[in-house]
Amino acid sequence: MGWLIELSNCKTAVCIPLGLPAGSYAVTMKAARRPSNEIQPVKVSINGMQLGNLITPANENYEVYTSAFFTVAAGQHTLRLEATNGVSDKSTFIDNVRCFSVPAASQYVTWAERFITLTSAQSSPQQDPDGDQISNLLEFAFGLNPTKSDTIPFSIQKTPSQFLAVYTRPVAVQNINYTVEYSDDLTVGSWSSMGVGNVVANDDGITQTIHRTIPLLGNGGDVIPKRFARLRVEAN
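Residues numbered from 1 in each chain as written. Predicted model: local features only at pLDDT ≥ 70, side-chain atom pairs only at ≥ 80, totals over all residues. Heavy atoms only, no water.

Draft legend 1. Representation of the pattern of salt bridges in the model. Evaluated as defined, the whole model comprises seven salt bridges. In this structure, the salt-bridge partner of E6 is R34, at a minimum N-O distance of 3.3 Å. On the criterion of sequence distance, the pair formed by E6 in strand β1 (residues 5-8) and R34 in the loop between β3 (23-33) and β4 (42-46) is long-range, its members being 28 residues apart. E6 sits in the partly exposed class, given a relative accessible area of 32%. Owing to a relative accessible area of 24%, R34 belongs among the partly exposed residues under this scheme. The salt bridge partner of R232 is E181, with a shortest N-O separation of 2.6 Å. Here R232 is found in strand β15 (residues 228-235), whereas its partner E181 is found in strand β12 (residues 176-183), with 51 residues between them in sequence. For R232, a relative accessible area of 27% translates into the label partly exposed. Through salt bridges with shared partners, one network takes in E181, R230, R232 and E234. (Salt bridge = Lys/Arg side-chain N within 4 Å of Asp/Glu carboxyl O. Helix = DSSP H or I, 4+ residues; strand = E, 2+ residues; numbered from the N terminus. Buried < 20%, exposed > 50% of the residue type's maximum accessible area, 1.4 Å probe, protein only.)

So, to be careful, I would describe these as geometric facts and stop short of saying anything about function.
Right under this line is the structure:
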C-alpha cells in the first residue's frame, strides 16, 4: 500500500482488503505523530482480532512497526487501522503498510525486530533484556514483550484424579515444541509425558488456550501421593 494515511479523532479508521493464501503473516508499516501534537494510539487488527500492542509513535520521525504474527485460511481478509482516542486533536500518520508471509524458520528474527529498542546482542534467544527471568525464547513462545516484565501464562490446577495444566500460546508460532511432563521424584530421566491429555480449550485465531491433563491415579486406581509437573519449551 503506497499512500499516506492520517488517523485522528476525525478520521478514526481505515479498512484494507487482503486476498491471502493460507499461511502465517505479519503487517509492517511506518508511523509518526504530528509535530507538537499528542500521541494518537492506533490499533491494528485482522478480521476484528487485534494484532499485538497499540502503535504509539514517540515523535514526528517515521519509525517501522511490525505486528504480531497471525494465521489465516485462504481467502479475503480485512486489515483495519483504527485511532483509539476520539476525544481531542491527536493524529498518527501511517505510511508503507505491507502484509508479508512469515515462514517458520524466520519467525523468531521477525518477532525480535518488532522491539526496536533491543540491540543485536539483547535480541538473542538466550538473553533476558527486561530482567524478568524469562528468556527471549520463552517470551517469543508465549507472545510476551521482551522489553517489559512479564509472567508466563501457565498454571496448574489439582482435582482428585488429575492435574490440569493450562497455558496460552500464539497460534502462528510454528517452530516451538510445548511439552507437559511429570515426575514422582525429580530425578534425572524420570520425567515423562505418557498419558498426558491435550485439549485446545479456546482458539481465537491469534492465541490458543491449551489444557493438558496429568493423571494422579495409579494402575490400581489409588491416588499417587506425590507428583510434580512442568512445561518444557524448546525450539525445533
